[in-house]
Amino acid sequence: MCLAIPGKIEHILNAVPMERTGTVSFGDIRKEINLAFVPEADVGDYVIVHAGFAISKINPTEARKIFQLLANDETDPPC
Amino acid sequence: MCLAIPGKIEHILNAVPMERTGTVSFGDIRKEINLAFVPEADVGDYVIVHAGFAISKINPTEARKIFQLLANDETDPPC
Amino acid sequence: MKYMHEYRQADTIKQLADKIADVTSQPWTIMEVCGGQTNAIVKFGLQQFLPSHIELVHGPGCPVCVTPVDIIDNAIDIAARPNVIFCSFGDMLRVPGSAKDLQSVKAEGGDIRIVYSPMDALKLAQKHPDKEVVFLAIGFETTAPANAMAAYQARAKGINNFSLLTSQFLVPPAIEAMCQSPQSRIQGFLAAGHVCTIMGYESYPQLAEKYGVPIVVTGFEPLDILQGIFLCVQQLEQGRSEVENQYSRVVSQQGNVPAQQMITEVFECQSQSWRGIGHIPHSGLRLRETFRPFDAGQKFGLPDRISSANSTDDTTGCISGEIMQGLKKPCDCIHFAKQCRPESPIGAPMVSSEGACAAYYRYATFNESVAFNKRATAQTSEKTAKRRDQ
Amino acid sequence: MKYMHEYRQADTIKQLADKIADVTSQPWTIMEVCGGQTNAIVKFGLQQFLPSHIELVHGPGCPVCVTPVDIIDNAIDIAARPNVIFCSFGDMLRVPGSAKDLQSVKAEGGDIRIVYSPMDALKLAQKHPDKEVVFLAIGFETTAPANAMAAYQARAKGINNFSLLTSQFLVPPAIEAMCQSPQSRIQGFLAAGHVCTIMGYESYPQLAEKYGVPIVVTGFEPLDILQGIFLCVQQLEQGRSEVENQYSRVVSQQGNVPAQQMITEVFECQSQSWRGIGHIPHSGLRLRETFRPFDAGQKFGLPDRISSANSTDDTTGCISGEIMQGLKKPCDCIHFAKQCRPESPIGAPMVSSEGACAAYYRYATFNESVAFNKRATAQTSEKTAKRRDQ
Amino acid sequence: MTKNQIEINPECPLPFSANERVTLGHGSGGQLSHQLLTELIYPYFDNPILATGHDSALLSIGNQRLAFTTDSFVVSPLFFPGGDIGKLAIYGTVNDLAMSGAKPLYLSCSLILEEGLPMNTLSTVLASMSHTAEESGIKLVTGDTKVVEKGKGDGIYINTSGIGVVAHDICIAPQQIEKGDLIILSGDIGRHGMAVMAMREGLTFDNPLNSDCAALSDPIQSLLNEGIVIHCLRDLTRGGLATALVELSESAEKTFLVEETAIPVSDAVTGACEMLGLDPCYVANEGRFIAFIPAAQAEAALTLLRNHSVSATSCIIGSVDEGNKSQVVYKTTMGSERLMQRLPGEQLPRIC
Amino acid sequence: MTKNQIEINPECPLPFSANERVTLGHGSGGQLSHQLLTELIYPYFDNPILATGHDSALLSIGNQRLAFTTDSFVVSPLFFPGGDIGKLAIYGTVNDLAMSGAKPLYLSCSLILEEGLPMNTLSTVLASMSHTAEESGIKLVTGDTKVVEKGKGDGIYINTSGIGVVAHDICIAPQQIEKGDLIILSGDIGRHGMAVMAMREGLTFDNPLNSDCAALSDPIQSLLNEGIVIHCLRDLTRGGLATALVELSESAEKTFLVEETAIPVSDAVTGACEMLGLDPCYVANEGRFIAFIPAAQAEAALTLLRNHSVSATSCIIGSVDEGNKSQVVYKTTMGSERLMQRLPGEQLPRIC
Ligand code: SF4
Ligand code: SF4
Ligand SMILES: [Mg+2]
Ligand SMILES: [Mg+2]
Ligand SMILES: [Mg+2]
Ligand SMILES: [Mg+2]
Ligand SMILES: [Mg+2]
Ligand SMILES: [Mg+2]
Ligand SMILES: [Mg+2]
Ligand SMILES: [Mg+2]
Ligand SMILES: [Mg+2]
Ligand SMILES: [Mg+2]
């Protein structure tokens, strides 16, 4: 639960592991976000941000799946 | 120096010596005044008040003297 | 915005709505656990894309809604003290305590600040070393790592004028409690995607199996929610009760390990009281012994009401507990939209935009029977309306 | 008001003016020591009742004017601190320190309160036990008992969050200092009636005798001041230099004994720096050892600049020192009514209504040579004007 | 949800109780503000001119029709991208006059300054007011200045009141709204509120997000000059588009239909709103209005409006339905529908 | 002193320096206020109507002459003997209109409420405003309400702006003041300021000292109706009688002669002023005015004024002398004379 939105890491501002932060862009806006919990995420990656913290990296392959599924549906109606 | 004005003691509010206070009237107005430094002044007496403290009782006989002097002058011009 | 607006397109929504309609043969009752999903469902009018015999019921997944009155009262007590800067997420300010709310403490002169992140509260503590800065650390598993990090950094940097008043909830025990209830009407769950982002979903298969309910880890965009519903209905129609992950672009099975480690470092599990619902064993978090100096309740000598009191006894007639267990709807409450409104809430679910009552009030659908038939400017609604009538 | 308005009547004023004119045969220069008298002289236009060859010069008897810059700077330092409520009589707020004034500290957020009595500051300390309440205890002998009482009661009642920043002056040493000055033009003194109310006037005969100056203890009403001048001129004309008591309705020879005892209990004598004038031995009061816990300078660890610094070096071109010693008039100052005005004072005497510069500015007489000859509505002014021309 | 029909039936549920206090929500421009006005303030000043609840009062003095309006401005920070409190104070009143179809003429200005305000700040704000007044063609003719103690103000509060002349005989009022009217919105929404809030929350932008604050009198005068029969106007300020629509639907006793897809919102506003959990329809604007225009004239009106830079992206966002039910039906991008409500209290950044 | 002629020669000695800040003195209505106005504010709004510096702006719209004025009210405490902030807010604007010879018609009211204000307090103030407006014959037709955070206000600030009609063709302005005019004061001075300050200082009174706050439009309308040629009017507010006289002598470029003996001051005001070291001529009033009337009509004017309870003790306090020197000569009870100056900054209680 709790409001969390996708954003793209633009810069790493602080690389100290427990204090890792970066600039994250959301559409046209940017904010400094704590990246301590997504050590694997780097500049260019999309992350989900909640309460000032990135809590997960977004997997683009997984993200495409639903659209692929629906596209397939479209060409091959289920009924 | 320092602003001090005459007022009349209307009531004693606290009779404890070092904390003696009373209501003092100035023309049409009244204020609680510290009377610790004028132990001899009582209800009905006029006192001179500075910074919330009565600092002297007014002596009515002495107060009249200048007017008596001038009155005498009047009847008996000095020159 | 990427990963957001592509999940809100009329065409794909319509496709999924069709799929759901196609797969549904009988009535089903599904709970979306998370208030964020409730908000999205009502805000985006998603019910309108569902066959009329699919009923969504709204779960307890709103930390604003379930924080016990006792904690609000402790918060009010602390926030009213002269030397305190009290920090909170915005919605908490208007939740009624037993006598008043934080908003009125602020109006009476309490120094209460709204923050976006627990780290903002920690920064305030650094900036005001002469003040006690207290953060009202509410949240589910999603927010726990952030709250934990604030305490962790406070200790690491010796910021001793900082403390947390915690009100931390864990979701799986609440799901289990609802499954155990004899009154329960819930046939499937949409599990909260962001909770699972942190915790993963390894604890769910046993629940699904034990209680025979499908559990679909679901995201927050309209398309996510509809897909979650689709997967859930599909399982129900097929007689399955498994765990599926709709939100795989964000959630992995094992969750966010560094975040879990931070939670474990700072917090330990406890029994927890949920407003309107009551005690649920092992459903809360409290600061560990080593972090007790950062426990506001301890620092200010307040009674540890959290584990002692049972605060289900709402004398106001608020039925939020029943609503959050899926037993009733906001409109079943006699106060709804009368005495209880967002500007003058009686119960917490009327406060938070994730609360079912506020969501219903704010994004109320109009009386369809009247309005749907006489549309003037409608452009795409014919098809949708047709779909809905199938 | 009794004992006030009867001393402001045109007829008796005129009688005394006549008496002064009659007794005066040659120019005399007289100093009224007290700023309260300066204020009355200018406010009531009393100079207009005097023969033109009697010159009044204005003494240093304004505590606002003579408080050293160092003390203002200490006051500013303390008042700017976050946990302090700083209390002062009103006029002190606008006195320039070396960089700014208390008013600007207030504007920058300092909690500065104007009080009517030191006891009001003490009450604030009782009301705000979590704050340090500091009173800027300025004054001459008149105010010393009130300031002393505040410290005395603070100790008696254990009000330990209260302290005094003292700036206490004694008049007789200042009179003696002026008498010793080779430049002095002062031929007679009006001694300050309210100082003598407390201290009596037993210390004056030796001064009068030693320096051959008449000293008349004088009150504050127009009639008092004119009578004081009359008595002084009469002595000068007769070649006497004695102490007389014009203000006998209030002042006794021995003064107010309980008040003196309170001063002695709390304060001890020290050398004191006077703004614009310099050090004068034995001309100040400081808290005794036993009252040091109530000394703000000590409490806040400020340098005891009072006895160490010589703060006569005003680099601003302000000639207040010379004015207060009777050597110059405000209009001799190049800043007067130009850069230095009550709303933007350069020197302290432009701040206090008792300061000579402010009094001159505020109650300026208009250019008599022009205006006096073309009066339209004048009713009683003919006689007065005639008198003045005698 | 569709099964449980929600009848929201506001029935004065909140007589102010003995120890009730004013909260920030009462100043939000939303439901609490509405309640304060209708339940506490209006009853004390029961007169038909005030009761119209319009942006300006319409006065007849001799043979002149005048519009008269007032607003106080209390924005923090005083300076924000695209504007400052001085600009707002001029535009706000100019716009309220414009919304009555009046030509703005004269302005009063009353300042409440907080002790300690740097003179430079004051000077900058005054310069901005001066410039903005000139640009808006309104004359500042009377004023007042008060100073309050440190801690009893917030730098500068400005009140402006304005007088304009109504030089035509069209009646512009909610009661004129008719079935079939189209609803024109003069540009993208939410810029002002988000520019201010973004500054407070430390958000930065790729392209600077500027407040939309601007004078709206010129486009309105164009419409009037060209004979467009304006039924109603409303500038979108506190409470945003949603609150303005709800208020007008209540005053007009009409149902409005509004399409989310038709409402322009910039990427920056969208991003900031998503981040803070806000809905752009409730965010404040200071240079946007809605106009209710008969369908036959809507295209002509759009063309005229698009000639002014301040309303260059004007568009039709909805229409007036039949029936007397006061409600605003909002159709989402996905085709679903719900009712718009007033902003309940204060718009707070939310996180969960 | 008489030997050293003091030429007070105000020559703009204080260009605001880089780090100068607003102080309470800038709101006192005295010299600092004057300086803020003339040196900082007016230069930004250079137009002839504002420049008259009158209580109201005089506007010609079509064939109508209107007066327009504004004031913000920031009094603390909100309730004081004889009045409250609501009353002040109505009277203040009614009186500024009256001082222009206008008949007050319409009022705007803008509230700035501090979070936490008890609703009861607001309600009481509104009731008082409502009652006072009715009694003063002015209609409140438009309004605004803002709420500021706790600690950024002081309970309630009220702005009222007012519109009145000028139904005669007399020009009432400082420039009309002529040699030989008599100066009428409408009653005893200092009540309002001392009633408020006495509350703060804990003074009590034998006979309650009530603020003089009152509407002054009726007596002025009487004068106009009876054909009295009023040259100038000024209500005495912040800065008191002295500041009003000095300002008018400057605008008129005339010398005024004023007699202390003629100025009524109550015993209570005298006592409180002596105690706090204040001069009643500088204390604020809210229901007193001065009128400059040709000598030939002064008696008739007095008779008319004395028929109104609010100006029942009107009296002549001085006259206008010849010459163009802007000064106010004040003759004391004892017959001595001095010049009156503006209040320099804030009027502070003094003790030494
Ligand atoms: S409507 Fe209000 S009272 Fe009823 S359940 Fe919801 S929050 Fe509780
Ligand atoms: S006029 Fe000002 S600068 Fe000159 S002596 Fe007086 S206080 Fe000092
Ligand atoms: Mg408007
Ligand atoms: Mg308005
Ligand atoms: Mg407006
Ligand atoms: Mg004014
Ligand atoms: Mg402030
Ligand atoms: Mg006026
Ligand atoms: Mg005015
Ligand atoms: Mg006024
Ligand atoms: Mg408004
Ligand atoms: Mg306050």
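Computed from a predicted model, the values in this text were never measured in an experiment.

A. Region of interest: the overall build of chain C. Helix and strand content of chain C: 18 helices and 11 strands. Whereas a compact globule of 390 residues would reach a radius of gyration of roughly 21 Å, chain C reaches 21 Å, a difference of no more than 12%. Summarising its shape, the C-alpha atoms of chain C cover approximately 65 × 45 × 45 Å along the three principal directions. The burial tally for chain C puts 66% of its 390 residues in the buried class. A separation threshold of at least 6 residues defines the contact pool for chain C, and within that pool the share at least 24 residues apart is 77%.

B. Quick peek at the overall build of chain E. Helix and strand counts for chain E come out as nine helices and 15 strands. The C-alpha atoms of chain E give a radius of gyration of 20 Å, which matches the 20 Å a tight globule of 352 residues would have. With respect to the principal axes defined by its C-alpha atoms, chain E has extents near 60 × 55 × 50 Å. Residue burial in chain E is summarised as follows: out of 352 residues, 69% are buried. Restricting to contacts in chain E with at least 6 residues of sequence separation, those with at least 24 account for 84%. For chain E, the exposed area adds up to about 10700 Å²; of that, 48% sits on carbon and sulfur atoms. The positive charge centre, built from 22 side chains, and the negative charge centre, built from 40, are 1 Å apart in chain E.

C. Main features of the interface of chain F and chain E. With 78 residues of chain F at the interface, the matching set in chain E holds 78 residues. Summed over both sides, the interface of chain F with chain E buries roughly 6700 Å², with 68% coming from carbon and sulfur. Taken together, the connections running from chain F to chain E amount to six salt bridges. Residue aspartate 71 of chain F is joined to lysine 146 of chain E by a salt bridge in which the shortest nitrogen-to-oxygen separation is 3.5 Å. At the boundary of chain F with chain E, the tally comes to 32 residue pairs in polar contact (both at pLDDT 80 or more). Elements represented by at least two residues in the side of chain F that touches chain E include exactly helix 1 (31-44), helix 2 (48-51), strand 1 (57-61), strand 2 (64-73), strand 5 (103-114), helix 4 (119-136), strand 6 (139-148) and strand 7 (156-165) of chain F. Grouping the constituent residues of the side of chain F that touches chain E by class yields 38 nonpolar, 27 polar and 13 charged.

D. Spotlight on the domain arrangement of chain E. All names here are of chain E. Here chain E is partitioned into domain 1 (47-166) and domain 2 (174-339). Computed from C-alpha coordinates alone, the two centres of domain 1 and domain 2 are separated by 23 Å. Each partner contributes to the interface: domain 1 provides 25 residues, whereas domain 2 provides 22 residues. Around 1800 Å² of area is buried between domain 1 and domain 2 when both sides are counted, 61% of it from carbon and sulfur atoms. Sorting the residues of domain 1 by area buried against domain 2 places Pro81, Asn95 and Met99 first, and these three jointly supply 29% of that buried surface. Viewed at the interface, domain 2 and domain 1 are joined by one salt bridge. Here aspartate 55 makes a salt bridge to arginine 234, at a shortest N to O gap of 3.5 Å. Between the two partners, domain 1 and domain 2, sit six residue pairs in polar contact (both at pLDDT 80 or more).

E. Spotlight on the site of ligand 1. Around ligand 1, a shell composed of 13 residues is seen, among which Cys318, Cys333, Cys340, Gly347 and Cys357 of chain C lie nearest. Residue composition of the shell around ligand 1, grouped by class: 10 nonpolar, three polar and no charged.

F. A look at the pairing of strand 5 (residues 53-57) of chain A. All names here are of chain A. Among the five residues that make up strand 5, four are buried, leaving the element largely enclosed by the rest of the structure. Both strand 4 (residues 46-50) and strand 5 contribute to a ladder of four bridges, which runs antiparallel. Each residue of the ladder has a partner; that of isoleucine 48, found in strand 5, is serine 56.

G. Here's a closer look at the relation of the copies chain F and chain E. Superposition record for chain F on chain E: RMSD 0.0 Å, screw rotation 180°, translation along axis 0.0 Å. Interpreted geometrically, this transformation is the action of a two-fold axis. Residue by residue, 100% of the interface of chain F is reproduced at the interface of chain E, so both copies engage with the same surface.

H. Inspection of the sheet that holds strand 2 (residues 64-73) of chain E at higher detail. Residues and elements named next belong to chain E. With mixed pairing, the five strands of this open sheet are ordered in space as 1-2-7-5-6. On the outer flanks of this sheet lie strand 1 (57-61) and strand 6 (139-148), each paired with one strand and no other. The average undirected angle you get between the axes of adjacent strands in this sheet is 20°. Here strand 1 runs beside strand 2; their pairing, made up of five bridges, is antiparallel. Residue pairing for strand 2: serine 60 is matched across the bridge by arginine 65.

I. Geometry of the coordination of the magnesium ion (ligand 5). All names here are of chain E. Bound to the magnesium ion (ligand 5) are the protein donor atoms Asp71 (OD) and Asp96 (OD), situated 2.2 to 2.3 Å from the metal. The metal-metal distance between the magnesium ion (ligand 5) and the magnesium ion (ligand 3) is 3.5 Å, with aspartate 96 coordinating both. Of this pair, aspartate 71 sits in strand 2 while aspartate 96 sits in helix 3 (residues 85-98), and the two are 25 residues apart along the sequence. Each of the two residues, aspartate 71 as well as aspartate 96, counts as buried.

J. Summary view of the UniProt feature "domain: PurM-like C-terminal" (unreviewed entry) in chain E. UniProt tags residues 179-331 of chain E as "domain: PurM-like C-terminal" (unreviewed entry). End C-alpha atoms of residues 179-331 of chain E are separated by 18 Å, and the span's content is 36% helix alongside 20% strand.

K. Structural context of the UniProt feature "domain: PurM-like N-terminal" (unreviewed entry) in chain E. When the UniProt feature table is mapped onto this chain, "domain: PurM-like N-terminal" (unreviewed entry) is found at residues 53-166 of chain E. Taken end to end, residues 53-166 of chain E is 28% helix and 45% strand, and its two terminal C-alpha atoms sit 18 Å from one another.

L. Up close: the interface of chain F and chain B. With 18 residues of chain F at the interface, the matching set in chain B holds 11 residues. When the two sides are added together, the surface that chain F and chain B hide from each other amounts to roughly 1300 Å², 61% of it contributed by carbon and sulfur. The tally of links from chain F across to chain B stands at zero salt bridges. If you look at where chain F meets chain B, you find zero residue pairs in polar contact (both at pLDDT 80 or more). Of all elements in the fold, only strand 9 (204-205) and helix 8 (267-276) of chain F reach the threshold of two or more residues within the side of chain F that touches chain B. The residue inventory of the side of chain F that touches chain B, partitioned by class, reads eight nonpolar, five polar and five charged. Direction of pairing for strand 3 (residues 29-34) of chain B relative to strand 9 of chain F: antiparallel, over a ladder of two bridges.

M. Looking closely at the site of ligand 2. Surrounding ligand 2, one finds 13 residues, the nearest of these being Cys318, Cys333, Cys340, Gly347 and Cys357 of chain D. Broken down by class, the residue content of the shell around ligand 2 amounts to 10 nonpolar, three polar and no charged.

N. The arrangement of the sheet that holds strand 10 (residues 267-274) of chain D in detail. Residues and elements named next belong to chain D. Strand order in this open sheet of six strands is 4-3-5-6-11-10, and the pairing throughout is mixed. Only two strands of the sheet have a single partner each, and these edge strands are strand 4 (111-114) and strand 10. Each strand axis lies, on average, 25° off the axis of its neighbour in the sheet, ignoring direction. Bridge count between strand 10 and strand 11 (residues 278-287): seven bridges; the pairing is antiparallel. When the bridges of strand 11 are listed, glutamate 268 appears paired with arginine 286.

O. Just helix 7 (residues 144-156) of chain D, in detail. All names here are of chain D. Along its 13 residues, helix 7 runs 18 Å from first to last C-alpha, staying within 8% of the 18 Å computed at 1.5 Å per residue. Taken across its 13 residues, helix 7 has 10 buried, putting it largely inside the fold. Taken residue by residue, helix 7 has Ala144, Pro145, Ala146, Asn147, Ala148, Met149, Ala150, Ala151, Gln153 and Ala154 as its buried positions. Remark: glycine 158 follows helix 7 within two positions and exhibits a positive phi of approximately 65°.

P. Looking closely at helix 4 (residues 119-136) of chain E. Under the 1.5 Å per step criterion, the end-to-end length of helix 4 of chain E is 25 Å for 18 residues, consistent within 8% with the ideal 26 Å. Along helix 4 of chain E, the positions that sit buried rather than exposed are Met119, Thr121, Leu122, Ser123, Val125, Leu126, Ser128, Met129, Ser130, Thr132, Ala133 and Ser136 of chain E. Lining the buried residues of helix 4 of chain E we find strand 3 (79-80), strand 4 (83-84), helix 3, strand 5 (103-114) and strand 7 (156-165) of chain E together with helix 1 of chain F. Downstream of helix 4 of chain E by one or two residues, glycine 137 of chain E has phi in the positive range, about 70°.

Q. Quick peek at the packing of helix 1 (residues 31-44) of chain E against helix 4 of chain F. Two elements in contact, helix 1 of chain E and helix 4 of chain F, have axes whose closest approach is 8 Å; the angle formed by their N-to-C orientations is 30°. Side by side, helix 1 of chain E and helix 4 of chain F meet where Leu36, Leu40, Ile41 and Tyr44 of chain E of the first sit next to Met119, Leu122, Ser123, Leu126, Ala127 and Ser130 of chain F of the second. Looking at the contact of helix 1 of chain E with helix 4 of chain F residue by residue, the class counts come to eight nonpolar, two polar and no charged.

Cut-offs and rules
Residues numbered from 1 in each chain as written. Chains lettered and ligands numbered in written order. Predicted model: local features only at pLDDT ≥ 70, side-chain atom pairs only at ≥ 80, totals over all residues. Heavy atoms only, no water. Helix = DSSP H or I, 4+ residues; strand = E, 2+ residues; numbered from the N terminus. Rg over C-alpha atoms; globule rule 2.2 N^0.38 Å. Buried < 20%, exposed > 50% of the residue type's maximum accessible area, 1.4 Å probe, protein only. Contact = heavy atoms within 4.5 Å. Areas by Shrake-Rupley, 256 points an atom, 1.4 Å probe, with all protein chains shown as cover. Lys, Arg positive; Asp, Glu negative; His and termini not counted. Charge placed at Lys NZ, Arg CZ, Asp CG, Glu CD. Buried area = accessible area lost by both parts, 1.4 Å probe. Salt bridge = Lys/Arg side-chain N within 4 Å of Asp/Glu carboxyl O. Polar contact = N/O pair within 3.5 Å; in protein donor to acceptor, adjacent residues only side chain to side chain. Nonpolar A, V, L, I, M, F, W, Y, C, P; charged D, E, K, R; others polar. Domains from an automatic or database assignment. Near = heavy atom within 4 Å. Pairing = 2+ DSSP bridges. Least-squares fit on C-alpha atoms with pLDDT ≥ 70 in both. Axes fitted to C-alpha atoms, helices over the stretch in contact; angles between N-to-C directions. Donors = N, O, S within 2.8 Å, 3.2 Å for Na, K, Ca; no water. UniProt positions renumbered as here; feature names shortened; annotations may be inferred. Expected span 1.5 Å × (residues − 1).

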